[in-house]
Structure formats: C-alpha cells, structure tokens
Amino acid sequence: MGISANSSTSLDFSDVLSMINEQEHANLHGEQYDIVSKVAYLLGINKRIFENEAEPPKLAIYKKLEMDKKARIIRNLCILRTQLEHNFLKVCQGIQQEGRSILGMPEYMPLDAMQQLSDDGIEIYVHMKEPTPYLINLNQNIKSRINNCRDLFPEWINWNYLSDIFIMPDGLSEEGTKKAAAYYYENMNCYPYKQYLNWPAEDEGNILLNDRKFVTLLYRWNNDEFQNLSLVSDVSEKTKANIYTFIENSDKCVFIVDCENSDPYSLCAAIRNLEPERLQKIEKIILFDDIHAASAWELLGSYVKIPVEYIMIERLKDNKSLADVKVAARTCKEFYTNNVDSFVLVSSDSDYWGLMEELPEAKFLVMLEHEKTSYALKETLIKNDVFYCYIDSFYAGGADDIKMEAIQKELARSVKASLDLNLKELMCDVLNRTRIHMTDAEIEGFIKRKVKNQLSVDVKEDGEVVLSYRFKK
C-alpha cells in the first residue's frame, strides 16, 4: 500500500480503467438495516424473523423498540390488522354463527397484542356483530398515532412517504376496507412476510432486504428519486479491511486533513463507522482548516475517539490558500522528526501527489470525495499502488448529531448578528426622542418590569422572523 516514485507506469489506458472500475466497485456496498428493521417492527413482522440471523431485520432494534411505548402501540395495532385481514371470514363466522367474541378467538386474533395495547392504555375492543367496525377502529388508531413514531427515523427521510405505508387508503369506511382487502388478497405473495402495508404491491422481491433497496423503492412509489445512497448504505467490508490492514501494518499513523477540500460530516461518519479497536495505532488527526471551509471542523474532536489537533490557517491574500504548503510541511515534519511512517491523507486535491512522490519511503492511504476527484488523480494512485476510498461512500447516518450541532451553533451566531440589540442603548434613544429623563436605575427597572416580559419573537410561514414589543397600558 505504500508508494514509490519509481513505481511502474507501463500500464495502458484499458488496464488503468479496469483497475479504477475494480477499485470503485470495492467501495460499494456495505448494507444498512436500521430503517428496514424499524419498519419491520412497526408493521408487526414476527419476532422469529428478527431472531433469524439470515433475515434482514435486526434483533437489537426489535429489543430497543419493545421498550418504546409509541412504537409498541403501532406494532400491536398492525399485528391485529394483518391477522384480521388473514382471518376475516373465520372471525366473522365465529361472531355471527358461534356467538364468540374477538377476545375469544386466540387462534385468529393474538391475545398478547390486545393485552399489550390494553396495558398501554389503548382500548379498541367493543362487542360487535361483525369485524368491519373493529378493522376501522384499528385503522383509525394507526392513522392518529403513526406520527408519534416520527422521531424513530432520521430527519432526511420523507416522513409523508414513510408514514403513508401504514395507513390503509380510505380505511375509515367500509367500502375502503373492502377494496384494500381485495387488493391485499390478490397480491399477498408480494407483501413482505405477508404483512399488510399500503404500497403498489409489485414483484420486487423482499422490499425490506436492506435500507438502500427499501428507501429507493419508497421514493419511487411516490414518483420521486432518492439519490444520497450514503444515507442508506456503507462502504464494503473489503474497503474497511483494506483500511484496517493499512493501519495495522504501520508503526505510527496520522490522519492529515485538508479541510478546504474535504467534508467534515463525511469524514466524521467514515471514522465512526470503523471499529474503534482497529484504529488504536492512529496517533492523531491533524486538521488544516481555512476560513472558507465548513464551520463544523472545529466540532470534529467532540465526535471521534481519536485526538484531534486543530490548525486554523490564516490567509495573507483572500484569494490564496496556504493549506497545501502547510500540509506538505507538516507531513514532512511528522515523517522526519516524529517518525510517523503512515499517513491517511484526506483530500481530493491532486496537488498532493507531489507530496507523496517526494516521500517515497512513507506509506499513504487517500480518502477522497466522488465529485471532487479527477480521473487523473485516480489513475495516478492506481498506477502507483496507492489504495484510495471515498469518505462520502461511508454510511452518512453516523454524522447526524454533528450536523445538528453545526446547524444550531451557526444559527445561534447568525441570529445574534442579525438581532444585535442593546436594550439600554435602545432605551436611551427612545428617551431622547420622547424628551423624557430617566436615571440609569430607572432605565434598568423599566426594562425589567415593562420590556423583558413583553418582547416576543414570531416566525411566519415564509421563515420571516418578527421581533415585537407588546405595549400594555
């Protein structure tokens, strides 16, 4: 995995292209199962599916959601709805011909689901002569409660698309339930684990196979296209194994990060999706930040379990970055003075090939971004046997928390700058225009008694913020 300035460059274009395609393929795909596991739980899919390691839904998520009342309620409602659809005629016969109640048909309607609902404060059972009102009651409860599960899923997913699969179309009318039932019976073999949901029921195989497949289909059902696959998949195990091998074969390893040519959220997600115990030889991450780079770089140290050295590079000229010079100088210092033999270079800037070429005894692994990387750089890395991977191919969900903190911190700064008010100065201006005299003590008292509690902030639908003072006589 090291590079040599004397590496062979005799490969022709077709050889290089083939090797690049092989390298690109190696980065894809490590599948994610977080979303499909939660959807499977809420739909009421049997626990034994979660317990089977060969099936996509994960038992750890099942156990976690079992402790969540709002998730448990939706699951039990969906279980009862599916069981009622499966056994509708038998339940109807049991009520009308045998005088049984729904509570007295455990072979058709699971008592544990009804008991859990009752324990959670949901009473849906009523004495009735046929099961349609019971089904409508289930549909009504699901429709009114599904939004309680919004916070179980990431912010980026379209909640309208996702919540809609739990809601039976026109499911509060007898006609609607009959139409939905007919469609379900006709296409039952297409439904995941034969569990009822609202979808086009196409022959897609297991739609809950993994997050990438499910979310892609979910958007397609709504005439939309889901494009950010890093939110629903991870890099392959082969890519991770290459990274681990590179680090384990080093004596001392350091991350060198050109912040101007990298994304903090992708890097954070990449590091957090690697096994911490396999990263112990990484001495530190050195961030070379620039005024024009993303503001979130200063937060990275709080989200990874590797020491971070943060360097803000000042510009002598606004249009000229000194990052590449600083990166090159510091990398050489780490190699010659601190005996660091291996570097993970995080940058898509092809200029750093010159640095790697001038340190032939050092070992490099390069982390790039898809849209920022030139074919020429990938060609050069391939020809010189330097392994590279894409930080924006790692599962991006690992950066949700740093993104939220970055937004909130930047928003706080922006709001403060936009609403830069000083009430004492404002009062002095008001008193000057009204020709009223107040002492400093009187001004402070007036602000405490008459102003603080009467200032309000309203946010309109178009996002406009209105700061107002409500005058009271």
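Bear in mind the structure is a predicted one, so any value in this text is a computation, not a measurement.

1. Concerning helix α5 (residues 69-86)
For step 1, the next point in the chain: The end-to-end C-alpha distance of α5, which contains 18 residues, comes to 26 Å, matching closely the 26 Å that a straight helix rising 1.5 Å per residue would cover.
For step 2, the next point in the chain: Here α5 lies mainly inside the structure; 14 of its 18 residues are buried.

2. Some remarks on the side chain of Ser348
For step 1, the next point in the chain: The topology assignment puts Ser348 in the loop between β6 (342-346) and α15 (353-358).
For step 2, the next point in the chain: A distance of 3.0 Å separates the side chain of Ser348 from the backbone nitrogen of Glu369, its partner in a polar contact.
For step 3, the next point in the chain: If sequence neighbours within four positions are ignored, Ser348 has contacts with Asn261, Leu368, Glu369, Lys372, Thr373 and Leu377.

3. What about the environment of Val257?
For step 1, the next point in the chain: Relative to the helices and strands, Val257 resides in strand β3 (residues 253-258).
For step 2, the next point in the chain: Counting along the chain gives 204 residues from Val257 to Glu461, while the straight-line C-alpha distance between them is 40 Å.
For step 3, the next point in the chain: When sequence neighbours within four positions are dropped, the list of residues in contact with Val257 reads Ser262, Leu267, Ile285, Ile286, Leu287, Phe288, Trp297 and Val346.

4. What about the packing of aromatic side chains?
For step 1, the next point in the chain: Evaluated as defined, the whole model comprises 16 aromatic pairs.
For step 2, the next point in the chain: These aromatic residues form a ring-pair network of at least three members: Tyr184, Tyr185, Tyr191, Tyr196, Trp199, Phe214 and Trp221.
For step 3, the next point in the chain: The cationic tip of Lys38 hangs over the ring face of Phe153; the distance from NZ or CZ to the ring centre is 6.0 Å.
For step 4, the next point in the chain: Above the face of the Tyr33 ring, Lys58 is positioned so that its terminal group lies 4.5 Å from the ring centre.

5. A word on the pattern of salt bridges
Opposite charge on two side chains permits pairing when their charged atoms draw close.
For step 1, the next point in the chain: One pass over the structure, following the stated rule, counts 26 salt bridges.
For step 2, the next point in the chain: As a salt-bridge pair, Lys38 and Asp34 come within 3.3 Å of each other at their nearest N and O atoms. Here Lys38 and its partner Asp34 are both found in helix α2 (residues 34-43), four residues apart, which amounts to about one turn of the helix.
For step 3, the next point in the chain: Given the relative accessible area of 24%, Asp34 is considered partly exposed.
For step 4, the next point in the chain: In this structure, the salt-bridge partner of Asp429 is Arg433, at a minimum N-O distance of 3.0 Å.

6. Details of the packing of α2 against helix α11 (residues 211-221)
For step 1, the next point in the chain: Taken N-terminus to C-terminus, the directions of α2 and α11 make an angle of 70 degrees; their axes are 7 Å apart at the nearest point. On the basis of their axis angle, the class for α2 and α11 is roughly perpendicular. Along its contact with α2, which presents Asp34, Ile35, Val36 and Val39, the element α11 presents Asp211, Phe214 and Val215.

7. What about the side chain of Lys38?
For step 1, the next point in the chain: Given a relative accessible area of 13%, Lys38 falls into the buried group.
For step 2, the next point in the chain: Separated by 2.6 Å, the side chain of Lys38 and the backbone oxygen of Leu152 make a polar contact.

8. Regarding the confidence of the model for the chain
Parts of the prediction with low pLDDT should not have their coordinates interpreted in detail.
For step 1, the next point in the chain: Confidence in the prediction of the chain, expressed as mean pLDDT, is 87, and 91% of residues score 70 or more.
For step 2, the next point in the chain: Here residues 1-9 is modelled with pLDDT under 50, and outside its nearest four sequence neighbours on either side it reaches 24 contacts, counting other chains as well.

9. Re helix α19 (residues 440-451)
For step 1, the next point in the chain: Compared with the 16 Å implied by 1.5 Å per residue over 12 residues, the 15 Å span of α19 between its first and last C-alpha is a close match.
For step 2, the next point in the chain: Along α19, the residues that are buried comprise Ile443, Ile447 and Val451. With its buried residues spanning 40 degrees around the axis, α19 presents them on a single face. Turned more than 90 degrees from where α19 packs its buried face, Ala441, Lys448 and Arg449 sit exposed.

10. Examining unusual backbone geometry
For step 1, the next point in the chain: Phi is positive for Lys194, which is not a glycine, with a value near 60 degrees.
For step 2, the next point in the chain: Along the polypeptide, Lys194 turns up in the loop between α10 (174-186) and α11.

Conventions and cut-offs
Residues numbered from 1 in each chain as written. Predicted model: local features only at pLDDT ≥ 70, side-chain atom pairs only at ≥ 80, totals over all residues. Heavy atoms only, no water. Helix = DSSP H or I, 4+ residues; strand = E, 2+ residues; numbered from the N terminus. Expected span 1.5 Å × (residues − 1). Buried < 20%, exposed > 50% of the residue type's maximum accessible area, 1.4 Å probe, protein only. Polar contact = N/O pair within 3.5 Å; in protein donor to acceptor, adjacent residues only side chain to side chain. Contact = heavy atoms within 4.5 Å. Phe/Tyr/Trp six-rings, centres within 6.5 Å; stacked < 30°, edge-to-face > 60°. Lys NZ or Arg CZ within 6 Å of the ring centre and 35° of its normal. Salt bridge = Lys/Arg side-chain N within 4 Å of Asp/Glu carboxyl O. Axes fitted to C-alpha atoms, helices over the stretch in contact; angles between N-to-C directions. Parallel < 35°, antiparallel > 145°, perpendicular 65-115°, else oblique. pLDDT = per-residue confidence, 0-100. Arc of directions from axis to C-beta.

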